[in-house]
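The lines below spell out each chain.
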Amino acid sequence: MFPMLPAWAEEIISILKIPYIVDYDDAIFHNYDLNKKRIIRSLLKNKIDKVMKNAAVVIVGNDYLAERAQKAGARRIEYLPTVIDLNRYKLKECGIGNNEIFKIGWIGSPATSKYLYLIQDAFKEICLNIRFRLILVGSNKINLSDIPIEIKPWREETEVEDIKEFDVGIMPLVDEPWERGKCGYKLIQYMACGVPVVGSPVGINNKIIIDGINGFKANTINEWIYAFKKLHQDYNLRLKMGQAGRKLVEQNYCIQVTAPKLIKIIKSI
């Protein structure tokens with residue numbers, strides 16, 4: 001309730017026997033226990049653990065978050081993935097032919113655009129043989145020299161239509177604590193639109209991406225290059241992967257599936 005204070009408010013609520021639920025789709029606890037400032041680390045490193053321990057239910061979006069809740073002594077842990085609304089996300093139209101511009105897309109925030117630098121060399125390599133454009137939705141101005149980039153502002157009203165322009169959606173990450181707590185929302189958005197995905201095999205990405213079925217896991221630069229070239233060359237593969245991704249979202253990653261589960265959790269306490 002008060003981000004830069006200890007968990008006093010939640011402890012008082014617990015003492016008063018008022019049940020509360022917390023829902024995590026990021027490793028928020030690392031804002032404290034891995035903070036650059038020593039005083040925050042020393043005073044607040046266990047803040048979220050206490051919040052979790054006193055909660056009636058801790059809802060988590062991946063196993064990394066669940067493990068932290070378990071270590072914190074949470075009395076009840078429920079898994080609900082990050083999801084989209086199928087009524088907002090419709091399948092894209094049939095994609096481009098191989099003679100047109102291949103569109104590699106990314107959606108996010110200025111704070112997460114830093115991950116694009118991880119695969120800068122892959123972009124440079126495919127520039128040599130493929131006519132492509134990198135479309136960034138919600139990015140800040142980014143310096144990827146000699147890479148054709150189109151930056152679009154993020155707006156809730158237009159984000160779905162922007163994603164539907166992509167021929168492939170990407171999610172590069174580093175394998176570090178904060179990133180292991182992410183819940184793969186980008187991937188879910190791409191797949192909901194029928195766009196094949198390429199992502200780093202970090203955290204929940206390993207579960208969402210079924211390698212060779214709805215996209216590719218790419219750890220090295222060569223693996224990123226392979227995935228881009230393969231998807232560029234094979235329109236039918238893009239279509240097949242896009243359909244597989246949409247099916248997975250319909251089964252597991254939409255509010256139509258998870259909303260009744262959430263309501264049941266809330267009523268149960």
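Residues numbered from 1 in each chain as written. Predicted model: local features only at pLDDT ≥ 70, side-chain atom pairs only at ≥ 80, totals over all residues. Heavy atoms only, no water.

J.: Whenever I open this one, the state of the cysteines confuses me. Can you help?
T.: Should the sulfur atoms of two cysteines be covalently bonded, the bond is a disulfide. Under the criterion given, the structure shown has 0 disulfides. Cysteine 193 supplies the cysteine sulfur nearest to cysteine 254, a cysteine that is in no disulfide, at a spacing of 13 Å. (Disulfide = S-S within 2.5 Å.)

J.: What am I meant to see in unusual backbone geometry here?
T.: Leaving glycine out, the prevailing phi sign among residues is negative, and the prevailing peptide bond configuration is trans. Here the phi dihedral of lysine 17 falls at roughly 65°; this positive angle occurs in a residue that is not glycine. As for its position among the elements, lysine 17 is in the loop between helix H1 (8-15) and strand S1 (21-24). Here the phi dihedral of aspartate 146 falls at roughly 65°; this positive angle occurs in a residue that is not glycine. For aspartate 146, the position within the fold is in the loop between strand S5 (132-137) and strand S6 (149-152). We classify aspartate 146 as exposed; its relative accessible area is 73%. (Helix = DSSP H or I, 4+ residues; strand = E, 2+ residues; numbered from the N terminus. Buried < 20%, exposed > 50% of the residue type's maximum accessible area, 1.4 Å probe, protein only.)

J.: Can you walk me through H1 in this structure?
T.: Along H1, the positions that sit buried rather than exposed are Ala9, Glu10, Ile13 and Ser14. Considered in projection along H1, the buried side chains sweep an arc of 140° and stay on one side of the axis. Across H1 from its buried face, at more than 90 degrees, point the exposed residues Trp8 and Ile15. Trailing H1 by a residue or two, lysine 17 shows a phi angle of about 65°, which is positive. (Arc of directions from axis to C-beta.)

J.: Where do I start with the nonpolar core in this structure?
T.: With 55 residues, the main nonpolar core has Ile104, Phe123, Phe132, Leu134, Ile170, Tyr190 and Val198 as its most contacted residues. Contact partners of valine 198, with chain neighbours within four places excluded, come to Val168, Gly169, Ile170, Met171, Phe216, Ala218, Trp224, Ala227 and Leu231. Membership of the second largest hydrophobic core comes to 21 residues, among which are Ala7, Phe29, Met52 and Cys183. (Core = buried A, V, L, I, M, F, W, Y, C linked by side-chain atoms within 4.5 Å. Contact = heavy atoms within 4.5 Å.)

J.: Quick question: what am I supposed to make of helix H9 (residues 185-192) here?
T.: Since the α-helix advances by 3.6 residues per turn, residues separated by three or four positions end up pointing in the same direction. Buried residues dominate H9, accounting for 7 of its 8 residues. When we look at burial in H9, the residues that qualify are Lys186, Leu187, Ile188, Gln189, Tyr190, Met191 and Ala192. Contacts from the buried residues of H9 go to strand S4 (102-107), helix H7 (159-163), strand S7 (168-171), strand S8 (197-199), helix H10 (205-208) and helix H12 (235-252). One or two residues past the end of H9 sits glycine 194, with phi positive at roughly 80°.

J.: Explain the layout of surface pockets to me, please; I cannot follow it from the model alone.
T.: The gaps left among the atoms become clear once a water-sized probe is rolled over them. When its volume is computed, the largest pocket comes out at roughly 340 Å³. Lining the largest pocket are 16 residues; nearest its centre among them are Gly108, Thr112, Lys182, Tyr185 and Lys186. The element best represented in the lining of the largest pocket is H9, accounting for 3 residues. Split by residue class, the lining of the largest pocket holds 5 nonpolar, 6 polar and 5 charged. (1 Å grid on protein atoms, 1.4 Å probe; cavity = no way out; pocket = protein on both sides within 12 Å on 5 of 7 lines; lining within 4 Å. Points joined across faces, edges and corners; volume = space filled by probe spheres on them. Nonpolar A, V, L, I, M, F, W, Y, C, P; charged D, E, K, R; others polar.)

J.: Mind showing me how you'd approach the pattern of salt bridges here?
T.: Pairing between side chains becomes possible if they bear opposite charge and their charged atoms approach one another. On inspection of all chains with the given rule, the structure shows 11 salt bridges. Two residues, lysine 152 and glutamate 165, come together in a salt bridge whose shortest N-O distance is 2.7 Å. In this pair, lysine 152 sits in strand S6 while glutamate 165 sits in the loop between H7 and S7, placing the two residues 13 residues apart along the sequence. Judged by relative accessible area, which is 31%, glutamate 165 ranks as partly exposed. A salt bridge links glutamate 161 to lysine 164; the shortest N-O distance between them is 3.3 Å. On the basis of relative accessible area, glutamate 161 is assigned to the partly exposed category, the value being 48%. (Salt bridge = Lys/Arg side-chain N within 4 Å of Asp/Glu carboxyl O.)

J.: Can you help me understand the pairing of S7 in this one?
T.: Strand residues, when the strand is regular, have side chains that alternate between the two faces of the sheet. Alternating residues of S7 divide into Val168 and Ile170 and Gly169 and Met171, and every residue in both groups is buried. Bridging between S4 and S7 involves 2 bridges; their strand directions are parallel. Note on S7: the bridge partner recorded for isoleucine 104 is valine 168. Note: S7 against S8, 3 bridges, orientation parallel. By the bridge assignment for S8, isoleucine 170 is matched with valine 198. (Pairing = 2+ DSSP bridges.)

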